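Descriptive analysis of the structure
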Amino acid sequence: MPGFFHFLNDRSDVYRMGCGASLDSRDSDQLNVVVFGATGMIGGAVIRALLRTGPKFKVKAVTRTPTSDAARQLAEDGVIIATADLNDSRSLERALNGGSCVFLSTHYWEHLNKDKEIHQGMNAVDACVACDVQHIIFLGAENSKRVTGKDCGYLEAKSAIEEYIVERSAPGQGHTLNYTFLRLPFLYDNLLSLFKPHLVKPDVYALALPLEDTSIECMSINDVGRCVYTIITRPKQYFNKTIRLSVDRLTVQQMADILTKQIEDKRFVCPKIRIKDYEKFEFKGAADLAAMFEFYQVSEHGGDIKLTKKLYGSVSLFDKWVHENKEKFLDVLKEE
């Protein structure tokens, strides 16, 4: 019955959950895709994009919390739930067994520890090699310190993992591991969570992004998922390449103007926060975020809007996305 756990064997950490889930190796017409961070924002978007095609994919979600509400909902949707921890290599190998394509994201903000994230990423890559995975899609990053001279654990860790993937995919390793590195822009959806508008006076909200008058590349999380879907279904075109996604480029003031126009009786403003002020904020991770935004301002490697639209032709510009998410914004503003 959907929603209940079924042990595949006494020692397995992989459960078959939901009506459409199966680990039957005879389903050779299906592509086996393993998704890390499946209960989070980006991994969840990838899974939603894959599930839209029905039985074409056998989707496995890797999580440390298989009994969570998010994991149970994935199970109801026919996703295989695999319990694994990025600190436990054996659990990773069990979870990746049978996978042909892996979508890997690592989570710096959970612990704010660069070395720990690098170690976790290396564990996942080693497990991919051990399990004969053919294609890994990794949410990577450039090493911002080489550009700005400032530490940013969030970007530096992902850059180091990219370098390790390249090393492990080199000829002579005894296994062919193809990779695709994704570089993401600012996500519209962050305005509903980490960078949600802050109330400054009745019905007036500030967008606290340290960009001043600099524009930033951006797109929606759902469009990221749909782009990843295309990369998974047409992998050879994107083997061993770095894909820089982007749909739009906006200043914070332009975002504020669009929000003011779309959401009635509310006004949004841009306080033009400076990097040097933001990095002094007292919340954990402020210095990393300040360094990240500084890198976004000065980096010469922009996103490829044309390629992004090739990957998914119906992308959403910011005004369309705001229109489709008005109710979510109103719910977020009520929390202020």
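Described in the following lines is the structure provided in the data block. (Residues numbered from 1 in each chain as written. Predicted model: local features only at pLDDT ≥ 70, side-chain atom pairs only at ≥ 80, totals over all residues. Heavy atoms only, no water.)

1. Structural notes on the sheet that holds strand E13 (residues 248–250)
Ordered in space as E8-E11-E13, the three strands form an open sheet in which the pairing is mixed. Looking at strand neighbours, the two that pair on one side only are strand E8 (186–187) and E13, the edges of this open sheet. Note: E8 against strand E11 (residues 216–219), two bridges, orientation parallel. Paired with Phe186 across the two strands is Cys218, which belongs to E11. Against the sheet, helix H8 (residues 252–262) contacts E8, E11 and E13, and its axis sits at roughly 100° relative to E13. (Pairing = 2+ DSSP bridges. Helix = DSSP H or I, 4+ residues; strand = E, 2+ residues; numbered from the N terminus. Contact = heavy atoms within 4.5 Å. Axes fitted to C-alpha atoms, helices over the stretch in contact; angles between N-to-C directions.)

2. Brief notes about a positive patch on the surface
A surface patch of positive charge is lined by Lys56, Arg234, Lys241 and Lys310. As for its position among the elements, Arg234 is in the loop between helix H7 (221–233) and strand E12 (241–244). (Patch = residues over 30% accessible without salt bridge, like charges linked within 9 Å, V, L, I, M, F, W, Y side chains within 5 Å. Areas by Shrake-Rupley, 256 points an atom, 1.4 Å probe, with all protein chains shown as cover. Salt bridge = Lys/Arg side-chain N within 4 Å of Asp/Glu carboxyl O. Lys, Arg positive; Asp, Glu negative; His and termini not counted. Charge placed at Lys NZ, Arg CZ, Asp CG, Glu CD.)

3. A look at the sheet that holds strand E14 (residues 267–269)
Ordered in space as E9-E10-E14, the three strands form an open sheet in which the pairing is mixed. Of all strands in the sheet, those bounded by a partner on one side alone are strand E9 (198–201) and E14. Strand-to-strand twist across the sheet, computed as the mean angle between neighbouring axes with direction ignored, equals 40°. Bridge analysis of E9 against strand E10 (residues 204–206) gives three bridges, and the strand direction is antiparallel. Across the sheet, Leu199 pairs through a bridge with Tyr205, a residue of E10.

4. Some thoughts on unusual backbone geometry
Even without being a glycine, Leu112 presents a positive backbone phi close to 55°. Given the relative accessible area of 29%, Leu112 is considered partly exposed. Of note, Lys272 is a non-glycine position whose phi angle comes to about 55°, a positive value. With respect to the secondary-structure elements, Lys272 resides in the loop between E14 and helix H9 (275–278). Owing to a relative accessible area of 41%, Lys272 belongs among the partly exposed residues under this scheme. (Buried < 20%, exposed > 50% of the residue type's maximum accessible area, 1.4 Å probe, protein only.)

5. Some points on the packing of aromatic side chains
The relative placement of two aromatic rings is captured by the distance of their centres and the angle of their planes. Across all of its chains, the model carries 19 aromatic pairs by this definition. Between Phe57 and Tyr229, the ring centres sit 5.8 Å apart and the planes meet at 75°, which makes this aromatic pair edge-to-face. Of this pair, Phe57 sits in strand E3 (residues 57–63) while Tyr229 sits in helix H7, and the two are 172 residues apart along the sequence. The exposure class of Phe57 is buried, given its relative accessible area of 6%. Taking the centre distance of 5.4 Å and the plane angle of 45° together, the rings of Tyr188 and Trp321 count as tilted. Taken together, the residues span a long stretch of sequence, with Tyr188 in the loop between E8 and E9 and Trp321 in helix H12 (residues 318–324) at a distance of 133 residues. (Phe/Tyr/Trp six-rings, centres within 6.5 Å; stacked < 30°, edge-to-face > 60°.)

6. Focus on the packing of helix H4 (residues 114–130) against helix H6 (residues 153–168)
In contact at an axis separation of 9 Å, H4 and H6 are set at 25° when each is read in the N-to-C sense. Compared by their axis directions, H4 and H6 come out roughly parallel. Here the hand of the crossing between H4 and H6 comes out right-handed. The segment H4 lies against H6, with Lys114, Glu117, Ile118, Gly121, Met122, Val125, Asp126 and Val129 engaging Gly153, Tyr154, Glu156, Ala157, Lys158, Ala160, Ile161, Tyr164, Ile165 and Arg168. (Parallel < 35°, antiparallel > 145°, perpendicular 65-115°, else oblique. Left-handed = near helix turned anticlockwise from the far one by under 90°.)

7. A word on the pairing of strand E6 (residues 135–139)
Buried residues dominate E6, accounting for five of its five residues. Of the two faces of E6, the one holding His135, Ile137 and Leu139 and the one holding Ile136 and Phe138 are both buried throughout. Where strand E5 (residues 101–104) lies against E6, four bridges are found, and the strand directions are parallel. Residue Leu104 lies in a different strand from E6, and its bridge partner there is Phe138. One crossover worth recording links E5 to the parallel E6 by way of H4, and it is right-handed. By the bridge criterion, five bridges tie E6 to strand E7 (residues 178–183) in an arrangement that is parallel. Residue Phe138 lies in a different strand from E7, and its bridge partner there is Phe181. (Right-handed = clockwise from strand over helix to strand, strands pointing away.)

8. Observations concerning H8
Among all positions in H8, only Val252, Met255, Ala256, Ile258, Leu259 and Gln262 are buried. For H8, the buried positions fall inside an angular range of 165° around the axis, keeping them on one side. Buried residues in H8 make contact with E8, E11, E13, E14, H12 and helix H13 (326–334). (Arc of directions from axis to C-beta.)

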